[in-house]
Amino acid sequence: MNILAQLFASPWLGAGGVAFCFIAGNLLLGLFKDRLPRDGGRKFAFNGKLTAGRPRGAGIILILVFLAGCLLFVSRQLEYLLYYLMVLCGMLSGYLDDRSETPWNEYKKGAIDLAVCLITALSFLNFNPDMGSIAIGGWSWQMPPVLFVIVATAGLWVSINATNCSDGVDGLCGTLTCVTLTFIGLWGIETGMDSSMLAAILLMIVSILPYLWRNAEPCQMMMGDAGSRAFGLFIGIAILKTGNMLLYFPLCAVLFLDGFLGIVKVSLARFLKIRIMKNIRTPLHDHFRKNKGWSNGQTVMRFAIVQTVISLVLLLLPR
């Protein structure tokens, strides 16, 4: 039996889950494209006005297809049901913001993210009390439960917001999410990750593919916060399932740098009046498009290549 088939209760379930997510995603994106809210253009983004009028919030379809696939073909254990519920909450908060005429206040979105991340961290600790660790080389440290919840909550919050900030170029967030999850899955296969998590990772990747087909230039629709926030949370959960939270930094390096540097830059300027990276436009994808003259396609491909190389180096290092 091949490795992928072993992730599911039977090879037929695995094949059915992949086929379901891909076919359902394609059909539903086509059927509901014209019912999605329309983008008003991103005021501060490079070439942000060009997105005005596009269907936005396609992430609601992707995530619902993914969750249906997981419920039908993967695990219905309480632990995973809680994760599915939190991903659903992350998607719904993003979609409600996508369809709102006035964008939600960032503090409101941050508070919702924090609540979702805290519940997710507590759920993970309850079902995986021995997996709250960090490790470098041969050194590892099992964190006390309270500290683990604090660090895991913060890590999940960073993952959500960094992934969300990367959603500014057609296909970038979806492509980087697929690349990132692929290498988290490969790491998990080598290290004995829970097969249900590996199966869910596979279905998430397949659920994103129909959207990438439509989101490549010329773009037909936008994922919106409904997709990117849910992607970020799921990536964070997958990292927790590796048993080493520090793996987020190499396996999600490009998503982290692209999205989170902007959050750091703005936060330091707003709260501490410290202005850094004055000559670097954030998110980084806007820096390379505006300051370096990269096309959208070049940005997506080059960012994906960089993440692939970083991840391959990590996988090839001795452990």
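Residues numbered from 1 in each chain as written. Predicted model: local features only at pLDDT ≥ 70, side-chain atom pairs only at ≥ 80, totals over all residues. Heavy atoms only, no water.

(A) View of the nonpolar core. In this structure, Phe148, Leu181, Ile184, Met197, Ile201 and Phe234 are the most contacted members of the largest nonpolar core, which totals 89 residues. It is helix α7 (residues 195–215) that contributes the most residues to this core, 13 residues altogether. Filtering out sequence-adjacent residues up to four positions away, Ile201 remains in contact with Leu181, Ile184, Gly185, Met193, Phe234 and Ala238. (Core = buried A, V, L, I, M, F, W, Y, C linked by side-chain atoms within 4.5 Å. Buried < 20%, exposed > 50% of the residue type's maximum accessible area, 1.4 Å probe, protein only. Helix = DSSP H or I, 4+ residues; strand = E, 2+ residues; numbered from the N terminus. Contact = heavy atoms within 4.5 Å.)

(B) Highlighting the pairing of strand β1 (residues 133–136). By the bridge criterion, four bridges tie β1 to strand β2 (residues 139–142) in an arrangement that is antiparallel. Of the residues in β2, the one forming a bridge with Ser133 is Gln142. Linking β1 to β2, which pair antiparallel, is a turn of two residues; within it Gly137 sits at a positive phi near 60 degrees. (Pairing = 2+ DSSP bridges.)

(C) Representation of the pattern of salt bridges in the model. Tallied over the entire structure, the rule returns nine salt bridges. In this structure, Lys109 engages Asp97 in a salt bridge whose closest nitrogen and oxygen atoms are separated by 3.3 Å. Of this pair, Lys109 sits in helix α4 (residues 106–127) while Asp97 sits in helix α3 (residues 78–99), and the two are twelve residues apart along the sequence. Classification of Asp97 as buried rests on a relative accessible area of 5%. In the salt-bridge network here, residues are joined through shared partners; they are Glu79, Asp194 and Lys241. (Salt bridge = Lys/Arg side-chain N within 4 Å of Asp/Glu carboxyl O.)

(D) Structural view of the side chain of Ser311. With respect to the helices and strands, Ser311 occurs in helix α12 (residues 296–316). At 2.9 Å, the side chain of Ser311 forms a polar contact with the side chain of Gln307. Beyond its immediate chain neighbours, meaning those up to four positions away, Ser311 contacts Phe183, Pro250 and Leu251. (Polar contact = N/O pair within 3.5 Å; in protein donor to acceptor, adjacent residues only side chain to side chain.)

(E) Up close: the packing of aromatic side chains. Across all of its chains, the model carries twelve aromatic pairs by this definition. An angle of 80 degrees between the planes, with centres 5.8 Å apart, marks the rings of Tyr248 and Phe249 as edge-to-face. Aromatic pair Phe256 and Phe260: ring centres 5.3 Å apart, planes at 20 degrees, arrangement stacked. Note that Phe256 and Phe260 are positioned in helix α10 (residues 253–271) at a spacing of four residues, about one turn of the helix. Accessibility classification places Phe256 together with Phe260 in one group, the buried group. Clustering of aromatic rings is evident, with ring pairs tying together Tyr248, Phe249, Phe256 and Phe260. (Phe/Tyr/Trp six-rings, centres within 6.5 Å; stacked < 30°, edge-to-face > 60°.)

(F) Geometry of the confidence of the model for the chain. Looking at the chain, the pLDDT average stands at 90 and 95% of residues meet or exceed 70. The element-level mean pLDDT for the chain is lowest in α10, coming to 82, with helix α2 (residues 59–73) highest at 97. (pLDDT = per-residue confidence, 0-100.)

(G) Fine view of empty space enclosed by the protein. One pass over the structure, following the stated rule, counts one cavity of 30 Å³ or more. The calculated volume of the largest cavity comes to roughly 40 Å³. Forming the walls of the largest cavity are Phe66, Tyr80, Tyr83, Tyr84, Val87, Met197, Ala200, Phe234 and Ile237. Listed by contribution, the elements that provide at least two residues to the lining of the largest cavity are α3, α7 and α8 (224–241). Grouping the constituent residues of the lining of the largest cavity by class yields nine nonpolar, no polar and no charged. (1 Å grid on protein atoms, 1.4 Å probe; cavity = no way out; pocket = protein on both sides within 12 Å on 5 of 7 lines; lining within 4 Å. Points joined across faces, edges and corners; volume = space filled by probe spheres on them. Nonpolar A, V, L, I, M, F, W, Y, C, P; charged D, E, K, R; others polar.)

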